[in-house]
Every structure is written in C-alpha cells, then in structure tokens.
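# Summary of structural features
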Amino acid sequence: MDRNVAYKVFTFEEYGSQERLSVTIPEVLDPRFGMYVWPCAVVLAQYIWTHRQDLMDCTVLELGAGVALPGLVAARCGSRVILSDNSNSPDCLKNCLNSCVANGLEEVVTVGLTWGEVSPDLLQLPPVDLVLGSDVFYEPEDFEDVLLTVAFLLRKNPSAQFWTTFQERSADWSLETLLHRWNLQCFNVPLETFHADSSELAGSQLPGRHNIQMMIIKPMTS
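Residues numbered from 1 in each chain as written. Predicted model: local features only at pLDDT ≥ 70, side-chain atom pairs only at ≥ 80, totals over all residues. Heavy atoms only, no water.

### Considering the environment of Arg52
Along the chain, Arg52 falls in the loop between helix 1 (39-50) and strand 3 (59-62). Distance in space between the C-alpha atoms of Arg52 and Ser174 is 30 Å, their sequence separation being 122 residues. Setting aside residues no more than four positions away along its own chain, Arg52 makes contact with Glu14, Glu19 and Cys77. (Helix = DSSP H or I, 4+ residues; strand = E, 2+ residues; numbered from the N terminus. Contact = heavy atoms within 4.5 Å.)

Structure follows, in structure tokens:
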C-alpha cells in the first residue's frame, strides 16, 4: 500500500528569550492511530520543553509513543529516552524509528510494550526517572491496562512520575476509580501555567478547541 509521508515541524520557544527548539515529525497519512501528531502530544511536549532543565541526564520512557513528539523533545533536551509502542504494531514502532532518524537521534532506544502485559521487555527496562504518555487514555477499555503498566513502572521506580495529557471525549469517562484501585493519585496542571493554552502551540494548529488536561500521576502516599 502506498503511503504518503508529510514532514511537520514543531517549534517550541522560551517566552521572553530567543531560545527555541524545532522537532521534525514524519506523519504517515494512515487512518490508524499513532501515525500522526495528536493535540495531546503537543501539549505534553510543551510541558517537557518548559521543564527541560529538570530533565538533563534523566532516563525517560514514553508509552504509546507513535510518532513520539514528547519523547523526541525530551531527547533533544538532554534526556536518555526509550520509546515504546504496542509490541503487536510493528508499523508504529517503525514510525518511532523514522521520527528518530528525522531528528538525528539514532541513539534513542525503541521497544515493544503492550499495556497490561508484564512482558520480558518490560521487566528488562533500565531504571527510569520519568514516564510519558500522550493521549494513552483514548479507549476506555484500555484505561486499566495503561494504569497497570504505569503502576508497575512506578513501583519499580519509586521516585518516578507519570506525565500524561488526556483529551476529554466523554463526560462519562473517569480515571478516579481506577487510580484508587492501583493506589495512584493524580494532580492536574493548568495549561496556562506552561503557556499551552494557545490554539497555535509550537507553530501548529493544535490543540485548538480540544479539551485537554495535563496530569501528573504518582503513587498514593500513606
């Protein structure tokens, strides 16, 4: 099947200074998920850019990376990055690799991880300081599998956090019960506190009018 690739550039800027970072993403015109940049990814990448000084020399794992904009921003900001996507979706893993090549980041590691499965690849991951996930809470039937994987990673890495962006698509969807079940707590970060409330964020037409939340998930303290 013929697939057309469109290269999009996202530029993150430091407000009040000349500091900026551009990342090139090869988007595949494909109806499946994970082949192009979703609004949540731009918001999460902006949060990473805003906190780039804290990420120097950190080990960062991105879940459900797809075209991997947040993970690549972290890598460009000095993090050691591992990109992961569904082990049963080789095309998505290939997309991760293509994004790395487009930005000269061949040292970034890619690995197949399926949410909800404690696989050998998950067990063999090195210690991580931060876990990322943009729009991983997309299908409600996947929510618990995502949180199982996140809970496993945070228990294995007690000082780590999970940074995630979540687009509200239904008022009936809630993570509260599942977070409690997995002994996790969530903190919302208002978008305006890191300049992510713009309709043309990073030079894109995203996130626009999408209702996106930025959240930090940690283990629940006793």
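### Observations concerning the side chain of Thr11
Along the chain, Thr11 turns up in strand 1 (residues 5-13). Residue classification places Thr11 among the buried residues on the basis of a relative accessible area of 18%. At 2.8 Å, the side chain of Thr11 forms a polar contact with the side chain of Ser22. Apart from residues lying up to four places away in sequence, Thr11 is in contact with Arg20, Leu21, Ser22, Ala202 and Gly203. (Buried < 20%, exposed > 50% of the residue type's maximum accessible area, 1.4 Å probe, protein only. Polar contact = N/O pair within 3.5 Å; in protein donor to acceptor, adjacent residues only side chain to side chain.)

### Some thoughts on the pattern of salt bridges
Under the counting rule described, the total for this entry stands at five salt bridges. Residues Arg52 and Glu14 are paired through a salt bridge, measuring 2.9 Å at the closest nitrogen-oxygen approach. Pair noted here: Arg52 is in the loop between helix 1 and strand 3 and Glu14 is in the loop between strand 1 and strand 2 (20-28), with a separation of 38 residues, a long-range link. Using a relative accessible area of 8% as the deciding quantity, one classes Arg52 as buried. Residue classification places Glu14 among the partly exposed positions, given a relative accessible area of 30%. (Salt bridge = Lys/Arg side-chain N within 4 Å of Asp/Glu carboxyl O.)

### Some points on the side chain of Gln46
For Gln46, the position within the fold is in helix 1. Of the residues examined, Gln46 reaches a relative accessible area of 3% and is grouped as buried. Of note is the side chain of Gln46, whose polar atom sits 3.1 Å from the backbone oxygen of Phe194. Residues in contact with Gln46, not counting those within four places in the same chain, are Phe12, Tyr15, Phe194, His195, Ala196 and Leu201.

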